[in-house]
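# Structural features, examined
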Amino acid sequence: MSKSIQSINGQKIRFGVGIRNQVSQEMEASGLGKALVLSTKFQAEMAEGVAKSMGAKSVGVFSGARMHTPVEVTAQAMDNIAASGADCVVAVGGGSTTGLGKAIALRTDLPQIVIPTTYAGSEATSILGQTENGVKTTRKAPGILPEIVLYDPELVASLPVPLTMTSGLNAIAHSAEGLYAKERRDEISRLAREGIRAMAKGLPILKGDPGNLKAREETLYGAWACGTVLGEVGMALHHKICHTLGGTLNLPHSETHAIILPHAIAYNEVEVPDLLAPIAAILGGDTPSQALWHFSQKLGAPRSLLELGVTEKDIDRIIEVTLVNAYWNPREIGRKGLSVLLMNALAGNPPSSSKEAV
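Note that the structure is predicted; figures quoted are calculated from it, not measured.

So, on to the overall build of the protein. When its secondary structure is counted, the protein shows 14 helices and 9 strands. Its C-alpha atoms give the protein a radius of gyration of 19 Å, near enough to 21 Å, the size a compact globule of 358 residues would have. For the protein, with 358 residues in total, the buried portion stands at 56%. Within the protein, residue pairs in contact and separated by at least 24 positions form 73% of the contacts whose partners lie at least 6 positions apart. Here the protein has roughly 13900 Å² of accessible surface; of this, 51% comes from carbon and sulfur atoms. Positive and negative side-chain charges in the protein, numbering 33 and 34 respectively, have mean positions lying 1 Å apart.

As structure tokens, this is what we get:
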């Protein structure tokens, strides 16, 4: 049984076991004729299955999507679009594949149907992050937002437990920063709390029972709520640091977010404790950052940037890039504070909250 939601951003959202096999019906209802199916090389088999279910409405699979949406990969996909005559794209995968679909839409205005296989939440936003010459930049435009999102619990049931945990923490990061966003409003704050609550309920179950479809659907709902928050308001320090680490050092997306989140929240909670209080209330803990730290530990997520190959000599470079065109943040962003934050994250130390000069 499936259920549909009309999102506040105008998207058509559907949840249901097996709903990935209804792409052709969604295309028919939208007046779309031919689709190029997108994936990474690791999910090519899954994408082929979706393409097969689409019958004649599929013109094939492009399985070259990569992390951080390199512009050269987008160029290759654009060649496939031109050769195939596709009038829409179907992105099957996580943030990497969704990002490729968005990059194509930005350049062609082709409609997008997204079938998420992680909890990245990118499918719920009109934001595109892409990398060129080692620098990751973001762009926001209405045409980037996918028109239809199909959440199928069966597709995330096989997601490895470690990636399930870090992808869920990545989603929580969207809501955490949404709670203190400059553009926040009551509806967004409610969605942020709902998203965190759904992840807090579902992720511990999935750690021990990864095939639990009810918990998978709960966390997919959380991913949608958190992703919608991400798309509706601006992000701050946490996302700036993660974008810098990802674009500069080519680090894995969700693991980076999982490691940085408690530290970024610790940095900001001294400035806006009341706005971040729902995190501690939902997860349980004395402070929001400690609640996130212990929740991450409970899930078995990575704690240290060293685990991702970052070294101490990288930190000065990351600080420099982070301070360039810094995102709005509720607390001033300074070199000293960033150094403490990143060195704690590098070593896997608990987050440190301090009102000292930044």
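This is not the end of the story, as more comes after the structure.
Right, let's talk about unusual backbone geometry for a bit. One non-glycine residue with positive phi stands out, namely D109, at about 65°. Among the secondary structure elements, D109 is positioned in the loop between helix 4 (95-108) and strand 6 (112-116). Judged by its relative accessible area of 59%, D109 falls in the exposed class. A positive phi angle, close to 55°, is found at N133, a residue other than glycine. On the secondary structure map, N133 appears in the loop between strand 7 (127-132) and strand 8 (135-140).

On to the layout of surface pockets. Any empty space left between atoms is shown by rolling a water-sized probe over those atoms. In this structure, the second largest pocket occupies an estimated 280 Å³ of space. The wall of the second largest pocket is formed by 15 residues, among which V135, K136, K240, T244 and V321 lie closest to the centre. Taken together, the elements giving at least two residues each to the lining of the second largest pocket come down to strand 8, helix 9 (237-249) and helix 13 (312-323). Per element, the largest residue contribution to the lining of the second largest pocket is 5 residues, and it comes from helix 9. The residue inventory of the lining of the second largest pocket, partitioned by class, reads 4 nonpolar, 8 polar and 3 charged.

Counted according to the given criterion, the structure contains 1 cavity of 30 Å³ or more. In this structure, the largest cavity spans a volume of roughly 40 Å³. Taken together, H68, K136, C242, H243, G246, G247, L251, P252, H253, T256 and H257 form the lining of the largest cavity. When contributions to the lining of the largest cavity are tallied by element, the ones reaching two or more residues are helix 9 and helix 10 (253-269).

This part is about the side chain of T131. Locating T131 in the fold gives a position in strand 7. With relative accessibility at 12%, the residue T131 sits in the buried group. Of note is the side chain of T131, whose polar atom sits 2.9 Å from the backbone oxygen of H68. The residues touching T131, leaving out its near neighbours within four places in the chain, are H68, T69, P70, V71 and K136.

If you walk through the whole model with that rule in mind, you get 9 salt bridges. Residues E26 and K12 are paired through a salt bridge, measuring 3.0 Å at the closest nitrogen-oxygen approach. On the criterion of sequence distance, the pair formed by E26 in helix 1 (residues 23-29) and K12 in strand 2 (residues 12-15) is long-range, its members being 14 residues apart. On the accessibility criterion, K12 (33% relative accessible area) is partly exposed. Of the charged contacts, one joins E28 and K57 as a salt bridge, the two residues approaching to 3.2 Å between their closest N and O atoms. Of this pair, E28 sits in helix 1 while K57 sits in the loop between helix 2 (44-54) and strand 4 (58-62); the two residues are 29 residues apart in sequence, bridging distant segments of the chain. Look at K57 and you get buried, because its relative accessible area is 16%.

About the cut-offs
Residues numbered from 1 in each chain as written. Predicted model: local features only at pLDDT ≥ 70, side-chain atom pairs only at ≥ 80, totals over all residues. Heavy atoms only, no water. Helix = DSSP H or I, 4+ residues; strand = E, 2+ residues; numbered from the N terminus. Rg over C-alpha atoms; globule rule 2.2 N^0.38 Å. Buried < 20%, exposed > 50% of the residue type's maximum accessible area, 1.4 Å probe, protein only. Contact = heavy atoms within 4.5 Å. Areas by Shrake-Rupley, 256 points an atom, 1.4 Å probe, with all protein chains shown as cover. Lys, Arg positive; Asp, Glu negative; His and termini not counted. Charge placed at Lys NZ, Arg CZ, Asp CG, Glu CD. 1 Å grid on protein atoms, 1.4 Å probe; cavity = no way out; pocket = protein on both sides within 12 Å on 5 of 7 lines; lining within 4 Å. Points joined across faces, edges and corners; volume = space filled by probe spheres on them. Nonpolar A, V, L, I, M, F, W, Y, C, P; charged D, E, K, R; others polar. Polar contact = N/O pair within 3.5 Å; in protein donor to acceptor, adjacent residues only side chain to side chain. Salt bridge = Lys/Arg side-chain N within 4 Å of Asp/Glu carboxyl O.

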